[in-house]
Amino acid sequence: ECTTSRVLGAGLSQDCFWRFALRSEEARIQFDSLADQLHICAGGPVREARASVNHPDSFDQVTALVMGTTVSLSIKDKGGLGQTLIVLRRELN
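Scope of this entry: the structure provided in the associated data block. (Residues numbered from 1 in each chain as written. Predicted model: local features only at pLDDT ≥ 70, side-chain atom pairs only at ≥ 80, totals over all residues. Heavy atoms only, no water.)

## Focus on the state of the cysteines
Point 1. In total, this model carries 1 disulfide according to the counting rule given.
Point 2. A disulfide bridge connects Cys2 with Cys16, and the sulfur atoms are separated by 2.0 Å. Taking the sign of the S-S torsion, about 110° here, the bridge from Cys2 to Cys16 comes out right-handed. Taken together, the residues Cys2 in strand 1 (residues 2-6) and Cys16 in strand 2 (residues 12-21) connect sequence positions 14 residues apart.
Point 3. For Cys16, a relative accessible area of 13% translates into the label buried.
Point 4. Its sulfur unpaired, Cys41 is 15 Å from the next cysteine sulfur, which belongs to Cys16.
Point 5. Residue Cys41 is classed as partly exposed on the basis of its relative accessible area, which comes to 48%. (Disulfide = S-S within 2.5 Å. Helix = DSSP H or I, 4+ residues; strand = E, 2+ residues; numbered from the N terminus. Buried < 20%, exposed > 50% of the residue type's maximum accessible area, 1.4 Å probe, protein only.)

If you want it as structure tokens, here you go:
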């Protein structure tokens, strides 16, 4: 599923996301594959952030500049939903 969203500073982003069963191996494999592709396409350094929290939710994110556009990829465990979400976002200029 993809949508266009308004971001801080009145910009726009295109956000695509996929839903998986909570903490499924399939979600982690897909995230790692997309992160590898982002590393290959990046026009410079890639930032990685990992957050561990004391409840069922968790969050990992990879951000890079690809052909002059900021692209971020995240995987989020959403305990309340019983789902893991992968979100791919690119800024629209």
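## Let's talk about the nonpolar core
Point 1. In terms of nonpolar packing, the biggest core is built from 14 residues, with Phe31, Leu38, Val62, Leu73, Ile75 and Ile86 touching the most fellow members.
Point 2. Of all the secondary-structure elements, those providing two or more residues to this core are helix 1 (25-41), strand 4 (58-66) and strand 5 (69-78).
Point 3. Counting residues per element, this core draws most heavily on helix 1, at 5 residues.
Point 4. In contact with Ile86, other than residues within four places in its own chain, are Cys16, Phe17, Trp18, Phe20, Ala27, Gln30, Phe31, Leu34, Leu73, Ser74 and Ile75. (Core = buried A, V, L, I, M, F, W, Y, C linked by side-chain atoms within 4.5 Å. Contact = heavy atoms within 4.5 Å.)

## A word on the pairing of strand 2
Point 1. Alignment of strand 1 against strand 2, held across 5 bridges, turns out to be antiparallel. Residue pairing in the sheet places Thr4 in a bridge with Gln14 of strand 2.
Point 2. Between strand 1 and strand 2, which follow one another and run antiparallel, lie 5 residues, and Gly9 among them has a positive phi close to 85°.
Point 3. Sheet topology note: the strand 2/strand 6 (residues 83-92) ladder contains 10 bridges and is antiparallel. Its bridge partner being in strand 6, Phe20 is matched across the sheet by Thr84. (Pairing = 2+ DSSP bridges.)

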